[in-house]
Amino acid sequence: MNRYVKFLLYFSLLFFVSNSLFAQSATQLEGEFKIGPAIILICLLITFVMVGIFNRAKDTSTYWAAGRKISPVGAGMAIASNWMSAASFLGMAAVMYGAGYHGLSYVVGWTGGYVLLLILMAGQIRRYGKYTAADFIGDRFYSKGLRGFGAGLAIFISFSYCVGQFAGIGLMFKWILGIDYSWAVLIGASVVLTYTLISGMLGVTKNMQIQYVIIIISFVIPLFILCYKFGYFPFLPQVGYGAVVSDIVNGIAPGKGITAMGHDFAILPSPEFAMPWDPATGQTAFQWIAICFSLMIGTAGLPHVIQRFYVVPRAHDARWSVVWGLFFICILYWSAPVYSAFGKVLSANPEVGKLAKDAIVVYTAQLGDLFPLIIGLLAAGAVSAAFSTVSGLLVAGASAFSHDLYFKVINPEATEKKQMLMARVGTILMAAGVSLVALLNLGLIAQLVAVAFSLAGCTIFPLFLLGIWWSGSNRTGAWAGLFAGGGISLIALVYFVVGKYGGTLPAQDIINYYLNAWYFAWLGAPFAIIVNIIASKLSKNKTPIEIKKFLAEKVHNYKPNDR
C-alpha cells in the first residue's frame, strides 16, 4: 500500500480515538491536555517548520524582502495572514464580548488603516525601492541619525506588537496542552523562532499563505454550525447573528433551546450591548472615535506592514496586494462579532463561571458543544494567526537591527554573511525579550497591540506621509516631528505603566482618559505633523534637489514633458 495512504489511515484513526477521549471533557474549559487539538497543533507546527526549511533564506535580499518575487494574490494572502494576528482572531471578539458595540471601533480602525495605505502609500513605498521603514526614513531625510532612530522605533514597535501575539500563543497552548501559561509562552516562542531563523522573509511569507487558509477555515466553519444548531440563519452567519444581538438586547426566556454546560437558562436584557455609547458600557463617543483614528493611522505606520510592500516586483503589484489583502481580511473581520454575540449568550449561565475574554472565541465553540476536533482546529487557527504575525514582526525587527543599525550605521563594510548572522542574532534577542514581557500578562491582547499602533501613528506615520507627499519636509522637520510625537507617546506610556502598578501621577485621571495607552495617537500624530511642517518651513536645511527630483519622477511618475 502506498505509504501516503497508510499515513492518512493511521492519522484518521488517531483523530477518531482522540475525538472519543476529548469528547469526555468537552465542557472542561481549563486544565486538561486535549489530545485531538494537540494532534492538530503538532501537525501544523511541523508543517510551518518544514515550509521554513524548504524556503530558507540564502542571502539578505531573501531574508528581508523574499527576493521581491511574491505575486499580488500571494502577497495579499500574506498581508491578511500577517494582519490577522491574535488581536484579530481572538482580541476583537474579546473586546466586543466585554464592551459590545464599542468594540467595533477596533474593526473600523484596523480596516480603515488599510484603505489609507492603499490610497496614500502602497505604490509610492514600493517605487521608492528600499527594504525597510528605517531605510526609507534614513534615505528620504538624508540622515544616519534618523535612520538609526527609525530602526530603534521599528524594533520597539515590533516588540510592543509582538507581546500581544505571544500572549495569544500562550493562551492557546495553555488551553490545548493543559500546561502553565509561562511554559505555554516559552514553547510557542521557541517554535516560531525556529522557522523564522531558518527561513527569513521568504519562508515566512510562504507560511503566511498557508496560515491564511487555516485561519479562515477554522474561524468560519464553527459559525455555520452554531447558527444552524441554535436556530439562527445559518447560510450567512455574518447576517444571521443579528437575531442573536436582538436576543441579547431583549433577553431570552427559558425554554428557547439554548444551553451552556448542559443547562437551559434565561438571559436578562442587556440593551447596552448594541448601543454605541451607552453609559452602562463606561465608554464615550470620544473614546470610540479616538480608537478608530489611532488604529487607522497606526496601521499605516507599522514597520512590518510597510515591509510587506517590498516583497512584490512592482508598485502596481503593491497596490493590488493591498486590495487582495483587504478582501481576505474582511472575511474574518465580518465574522468576529458573531463569536462575541454567541459568547455573550452561551456564557450567561452562572455555572459557566468567569471566562478569559481573550479565549472567548474558543470557549464559545466549546460551550456550544461543537465537534471537539472542530474546536481543536479553531484553537490551532488562533495559534496560526499569532504565528503569522509574530514571524513578520521578528523579521521586521531583525531587519531593522541588522540592515538599518548594524550595516547602514555601525559597520557599512560588513559582508553579507555577517549581515545574515546579525539578522539572526537580532531575531533571537527580540524573541527572548518579548517572551519575558509577555509573561507579565499586562492586558487584553487587542489593547496591548493598540499601544504599538498609537506609537507607530505618532512617529513613523508622519514621516512617511510627509516624506512621500511633501518634498519640503526636511531633516530638521523630521527630527522635530519625531520628538513631538515621541513626547506625547512617552507621557501616555509612563502614565499607563504607573497606573498599571497602582501608582498616581499629577492629573492621572485626565491623562488616562485623553491620552490612554490604546489611543494617544489621536493627539500625537497631528501634533507631530504640524511640528514637522513648521520646523521644515523655518529651517535653512532644505531638502536636497536630487531627492525632490527622485520623489517627483520616480515615486509620483511626474514628467514635465507630459503636460
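You'll find the structure just up there.
## A short note on the overall build of the protein chain
Here comes step 1: Of the regular secondary structure elements, the protein chain holds 23 helices and two strands.
Here comes step 2: Considering only contacts in the protein chain between residues 6 or more positions apart, those separated by 24 or more positions represent 83%.
Here comes step 3: With an accessible surface of roughly 21700 Å², the protein chain has 68% of that area assigned to carbon and sulfur atoms.

## Notes on the environment of Val163
Here comes step 1: Inspection of the secondary structure assignment puts Val163 in helix H8 (residues 144-177).
Here comes step 2: Spatially, the C-alpha atom of Val163 lies 8.9 Å from that of Leu439, the residues being 276 residues apart in sequence.

## Regarding the packing of helix H17 (residues 372-410) against helix H18 (residues 416-438)
Here comes step 1: Where H17 contacts H18, the axes come no closer than 8 Å and their chain directions differ by 130°. Compared by their axis directions, H17 and H18 come out oblique. Handedness of the crossing formed by H17 with H18: right-handed. Seen from H17, the contacting residues are Leu393, Leu394, Gly397, Ala398, Phe401, Ser402, His403, Tyr406 and Phe407; seen from H18, they are Lys418, Gln419, Met422, Ala423, Gly426, Thr427, Met430 and Ala431.
Here comes step 2: The residue makeup of the contact of H17 with H18, split by class, is 10 nonpolar, six polar and one charged.

## A closer look at the packing of helix H11 (residues 242-250) against helix H15 (residues 336-346)
Here comes step 1: Remark: H11 packs on H15, axes separated minimally by 9 Å, with the N-to-C direction vectors making an angle of 40°. One finds that H11 runs oblique with respect to H15. The interaxial crossing formed by H11 with H15 has left-handed handedness. For the pair H11 and H15, contact is made by Val244, Val245 and Ile248 and by Ala341, Phe342, Lys344 and Val345, respectively.

## Some remarks on the pattern of salt bridges
Here comes step 1: In this structure the tally under the stated criterion is one salt bridge.
Here comes step 2: Arg147 is paired through a salt bridge with Asp135; the nearest N and O atoms lie 2.5 Å apart. Linking Arg147 in helix H8 with Asp135 in helix H7 (residues 133-140), this pair joins segments that are 12 residues apart in sequence. Accessibility assignment for this pair places Arg147 and Asp135 in one class, buried.

## Some words on unusual backbone geometry
Here comes step 1: Phi is positive for Asp369, which is not a glycine, with a value near 60°.
Here comes step 2: One can find Asp369 in the loop between helix H16 (360-367) and H17.
Here comes step 3: One non-glycine residue with positive phi stands out, namely Ala507, at about 60°.
Here comes step 4: With respect to the secondary-structure elements, Ala507 resides in the loop between helix H20 (475-500) and helix H21 (508-514).
Here comes step 5: Classification of Ala507 as partly exposed rests on a relative accessible area of 42%.

## Considerations on the nonpolar core
Here comes step 1: Counting 152 residues, the largest nonpolar core has Trp83, Phe89, Phe166 and Phe464 as the members making the most contacts within it.
Here comes step 2: No other element matches the 17 residues that helix H9 (residues 181-229) contributes to this core.

## Notes on the packing of aromatic side chains
Here comes step 1: Using the criterion set out here, one finds 24 aromatic pairs in the structure.
Here comes step 2: Ring geometry for Phe286 versus Tyr513: centroids 5.4 Å apart, planes at 35°, classification tilted. With Phe286 in helix H12 (residues 285-299) and Tyr513 in helix H21, the pair connects residues that are 227 residues apart, well separated along the chain.
Here comes step 3: Classification of Phe286 as partly exposed rests on a relative accessible area of 24%.
Here comes step 4: Taken together, the ring pairs connect Phe286, Tyr513, Tyr514, Tyr519 and Trp522 into an aromatic cluster.
Here comes step 5: One Lys or Arg, Arg140, reaches over the ring of Phe141 and ends 4.8 Å from the middle of that ring.

## A short note on the side chain of Asp135
Here comes step 1: The buried category is assigned to Asp135, whose relative accessible area is 3%.
Here comes step 2: Leave out the neighbours within four places in its chain, and Asp135 touches Lys130, Arg147, His403, Asp404 and Lys408.

## Focus: helix H6 (residues 104-128)
Here comes step 1: Under the 1.5 Å per step criterion, the end-to-end length of H6 is 35 Å for 25 residues, consistent within 8% with the ideal 36 Å.
Here comes step 2: Approximately 55° is the largest bend angle found in H6, and it occurs at Leu118.
Here comes step 3: A positive phi of about 80° marks Gly129, the residue just after H6.

## With respect to the environment of Val437
Here comes step 1: Tracing the sequence through the fold places Val437 in helix H18.
Here comes step 2: Separated by 278 residues in the primary sequence, Val437 and Phe159 have C-alpha atoms spaced 9.5 Å apart.

## Some points on a nonpolar patch on the surface
Here comes step 1: Judged by side-chain polarity, Ile42, Ile46, Met50, Ile53 and Phe54 come together as a nonpolar surface patch covering roughly 480 Å² of accessible area.
Here comes step 2: Residue placement: Ile53 occurs in helix H2 (residues 35-54).
Here comes step 3: Overall, Ile53 belongs to the partly exposed group, its relative accessible area being 30%.

## Section: H17
Here comes step 1: Over its 39 residues, H17 extends 53 Å from the first C-alpha to the last, a length consistent with the 57 Å expected when each residue adds 1.5 Å.
Here comes step 2: Extensive coverage of H17 is indicated by the burial of 33 of its 39 residues.

Here is what the cut-offs are and how they apply
Residues numbered from 1 in each chain as written. Predicted model: local features only at pLDDT ≥ 70, side-chain atom pairs only at ≥ 80, totals over all residues. Heavy atoms only, no water. Helix = DSSP H or I, 4+ residues; strand = E, 2+ residues; numbered from the N terminus. Contact = heavy atoms within 4.5 Å. Areas by Shrake-Rupley, 256 points an atom, 1.4 Å probe, with all protein chains shown as cover. Axes fitted to C-alpha atoms, helices over the stretch in contact; angles between N-to-C directions. Parallel < 35°, antiparallel > 145°, perpendicular 65-115°, else oblique. Left-handed = near helix turned anticlockwise from the far one by under 90°. Nonpolar A, V, L, I, M, F, W, Y, C, P; charged D, E, K, R; others polar. Salt bridge = Lys/Arg side-chain N within 4 Å of Asp/Glu carboxyl O. Buried < 20%, exposed > 50% of the residue type's maximum accessible area, 1.4 Å probe, protein only. Core = buried A, V, L, I, M, F, W, Y, C linked by side-chain atoms within 4.5 Å. Phe/Tyr/Trp six-rings, centres within 6.5 Å; stacked < 30°, edge-to-face > 60°. Lys NZ or Arg CZ within 6 Å of the ring centre and 35° of its normal. Expected span 1.5 Å × (residues − 1). Bend = angle between axes of the 7 residues up to and from the residue. Patch = residues over 30% accessible without salt bridge, like charges linked within 9 Å, V, L, I, M, F, W, Y side chains within 5 Å.

The values are spatial; any link to function lies outside them.
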